[in-house]
Amino acid sequence: MHSQDYPARTGARLLVDALRVQGVDTIFCVPGESYLSVLDALRDARDDIRLIVCRHEGASANMAVAYGKLTGTPGVCLVTRGPGATHASVGVHTAKQDSTPLLLLIGQIEREFAGREAFQEIDYRFMFAPLTKWVAQIDRASRVPELVSRAFQTAVSGRPGPVALALPEDMLTEIASVAATRHYEVVRAHPGTSDLHRLIVMLAGAQRPLLLLGGGGWDQNACVDIAKFAEANRLPTAVAFRSQDLFDNRNELYVGHVGLGINSSLAQCVRDADLLLVVGPRLSEVTTGGYELLKVPGLKEGQQLVHVHADPDELCRVYQADLPINAGMAAFAAAARRLDPVKSTAWHSWLGAARQSYLDHITVSDQGSYNSKRFVDMSQVVAYLRERLPADAIIANGAGNYTTWIHRFYQYRTFRTQLAPTSGAMGYGLPAAIAAKLRYPGRIVVAVAGDGCFLMYGQELATAMKYSLPIIILVVNNCMYGTIRMHQERNYPGRVYGTDLVNPDFAAFAQAFGAKGEIVKRTEDFPAVFEKALAAEAPYLIELRVDPDVITPSSRLSEITLQSTAHADRKD
Ligand SMILES: Cc1ncc(C[n+]2csc(CCOP(=O)(O)OP(=O)(O)O)c2C)c(N)n1
Ligand SMILES: [Mg+2]
């Protein structure tokens, strides 16, 4: 066919049609004059693609990342040039660290003005080069289908991640006649027969193996398959930082979370394991305890590493694996499930001890709670959620010490019930919860945020109201940027600076948006208020007043100050 045989369409319409071809059903945006033509085309496509209009591009990008994480297909965020793109960059960074497919579409200045530092001009090919898997500018309308197709293809294949496309304003109104492309195909490597054979030989020779799951590119089936493999071999199974929903935490093989606030005996397991079977994670700084739990580059004497990752460039980059396997999670898990199990009983007591230690670690006792009459005890709140919430409830959080209670005491049971940024980006929880409720209106969605974290994107309550999303938001209020204060006391004891907060009345704040808001000051009052929130048909914010001294589930700020001061004195 000749190009004139295809209908003549503007760049904007070609873009929206290309998004439709890729199955996009939701776009998160803050509007800009740079892409009015796209808005206009989206208006005509509104039965197929819903447009979620947010109050800050950082929030819309976070929503798109969470949406991409939940669906496994690229979340789409549409923003304007300069200020919009810079705001949205946090989501791009999170998508990269989280191995989550994301497409950021950016309105761009007219081609004619490029290079003059026109109004809000940025060259996104430079700006987003280190943040994305791929970034391009579409300079001709006739290339829209091709480049959109490539964007999706790149975002989902291998190690999933973010891509960005800049869309010059005049390109979007240019007319072209060009064929549509097909829906993307996820392309990922499969493990080789010899890889799998070596894996089994190594496992058969192991005394203390540990399976560690994490990273991106998982799906429900892959999780089932890897669980079957773990069960057939009775492998103690841990998860990497914020990958807790890849394996049922109630399965007797689950031994815990290798992340912030790690159980010290699990840390010891990682150190003592003679075979680490790492499926999916990069072995990041957090998962390796600052590269201390596992030594760079070759682990320690007597310790072997099997590393399975979808990106060949990631293998042997930091840690030199004894057996690097380049494979996608689904392909690897399916192949692992089919392997004949190793009939070894060598590690049964090692598994038993690790599991018992996990169970001890998540046990909440009244004795462990501090000042529970004057403050809310987060351990008990999370223990309550753990028993009360169904397996498919989604918990979303950002960054802060408050997350260590969720990581430690909550039990994730099914795939994609945890939305937690491995980038440690504050402000992610509320936008992620909004995206989750849009995707799964029938499921319970709880955002947990610190008083610092929440106000990064607290205005998105307006978005939750606009789209009638009854999410529950727990604001853990300790009147400070607690994480930073904790590090401050460790490093500069008694010299508090820049870490205290003066907060609004969070319940009144929520009410100002038309949402529900309530303050809980005592642990025993939490269940009744939470039940009201579950029954509500509007967003429901519960402010939890917690003891500022209880800085982690196992430490007090005042004790850290004392210890650090004594330590500093000894050094003098
Ligand atoms: C966007 C962003 N800015 C700054 C930081 C650094 N940071 C990490 S945790 C934290 C404090 C979080 O405070 P809050 O949400 O109140 O939680 P808390 O630690 O008090 O429980 C800060 C400032 C970050 N991780 N992300
Ligand atoms: Mg705080």
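Above: the structure in question.
J.: What should I look at first to understand unusual backbone geometry in this one?
T.: With glycine set apart, most residues show a phi of negative sign, and most peptide bonds adopt trans. The linkage connecting Val296 with the following residue, Pro297, adopts the cis geometry, with an omega of 0 degrees. By the secondary structure assignment, Pro297 is in the loop between β12 (275–279) and β13 (304–309). Here the phi dihedral of Glu117 falls at roughly 50 degrees; this positive angle occurs in a residue that is not glycine. Counting through the fold element by element, Glu117 comes out in the loop between β5 (102–108) and α5 (124–127). One non-glycine residue, Tyr291, lies in the positive phi region at around 60 degrees. Residue placement: Tyr291 occurs in the loop between β12 and β13. Accessibility expressed as a relative area gives 32% for Tyr291, which makes it partly exposed.

J.: I tried to follow the packing of aromatic side chains on my own but got confused; where do I start?
T.: Any aromatic ring pair is given by two values, namely how distant the centres are and how the planes are angled relative to each other. Tallied over the full model, the rule gives 13 aromatic pairs. Residues Tyr291 and Tyr319 carry aromatic rings whose centres are separated by 6.5 Å and whose planes lie at 35 degrees to one another, so their mutual orientation is tilted. Of the two residues, Tyr291 sits in the loop between β12 and β13 while Tyr319 sits in the loop between β13 and β14 (323–326), which places them 28 residues apart along the sequence. Relative accessible area serves as the criterion here: at 2%, Tyr319 is assigned to the buried category. On the basis of an interplanar angle of 75 degrees and a centroid distance of 5.8 Å, the ring pair of Phe454 and Phe506 is categorised as edge-to-face. Of this pair, Phe454 sits in helix α16 (residues 451–454) while Phe506 is found in helix α19 (residues 506–512), placing the two residues 52 residues apart along the sequence. Neither Phe454 nor Phe506 differs from the other in exposure class; each is buried. What links up through ring pairs into an aromatic cluster is the set Phe454, Phe506, Phe509 and Phe513. The ring of Tyr440 carries the charged tip of Arg443 above its face, separated from the ring centre by 4.2 Å.

J.: Would you take a moment to explain the sheet that holds β14 for this structure?
T.: The strands that make up a sheet pair up through hydrogen bonds in the backbone, lying either parallel or antiparallel. A sheet is described by the order of its strands in space; here six strands give the open sequence β11-β10-β9-β12-β13-β14, paired in parallel fashion. Of all the strands in the sheet, the pair left with one neighbour each is β11 (254–258) and β14. Strand-to-strand, the axes of this sheet are offset by a mean angle of 20 degrees, without reference to chain direction. Relative to β11, strand β10 (residues 237–240) runs parallel, the two being bridged by four bridges. Looking at β11, one finds that Val239 is bridged to His257. Across the sheet, helix α8 (residues 193–204) lies against β9 (209–213), β12, β13 and β14, angled at about 140 degrees from β14, the strand it touches most. Against the sheet, helix α12 (residues 348–361) makes contact with β9 and β11, and its axis sits at roughly 60 degrees relative to β11, the strand it touches most.

J.: Help me out: how do you make sense of the coordination of the magnesium ion (ligand 2) in this one?
T.: Metal coordination angles in their ideal form are 109.5 degrees for the four-donor tetrahedron and 90 or 180 degrees for the six-donor octahedron. Every protein donor of the magnesium ion (ligand 2) is listed here as Asp451 (OD), Asn478 (OD1) and Met480 (O), and their distances to the metal cover 2.0 to 2.2 Å. Between consecutive donor residues of the magnesium ion (ligand 2), the sequence gaps follow D-x26-N-x1-M. Within this pair, whereas Asp451 is found in helix α16, its partner Met480 is found in the loop between β18 (472–477) and α18 (482–491), the two being separated by 29 residues in sequence. The exposure classification of Asp451 matches that of Met480, with both residues buried.

Criteria and thresholds
- Residues numbered from 1 in each chain as written.
- Chains lettered and ligands numbered in written order.
- Predicted model: local features only at pLDDT ≥ 70, side-chain atom pairs only at ≥ 80, totals over all residues.
- Heavy atoms only, no water.
- Helix = DSSP H or I, 4+ residues; strand = E, 2+ residues; numbered from the N terminus.
- Buried < 20%, exposed > 50% of the residue type's maximum accessible area, 1.4 Å probe, protein only.
- Phe/Tyr/Trp six-rings, centres within 6.5 Å; stacked < 30°, edge-to-face > 60°.
- Lys NZ or Arg CZ within 6 Å of the ring centre and 35° of its normal.
- Pairing = 2+ DSSP bridges.
- Axes fitted to C-alpha atoms, helices over the stretch in contact; angles between N-to-C directions.
- Contact = heavy atoms within 4.5 Å.
- Donors = N, O, S within 2.8 Å, 3.2 Å for Na, K, Ca; no water.

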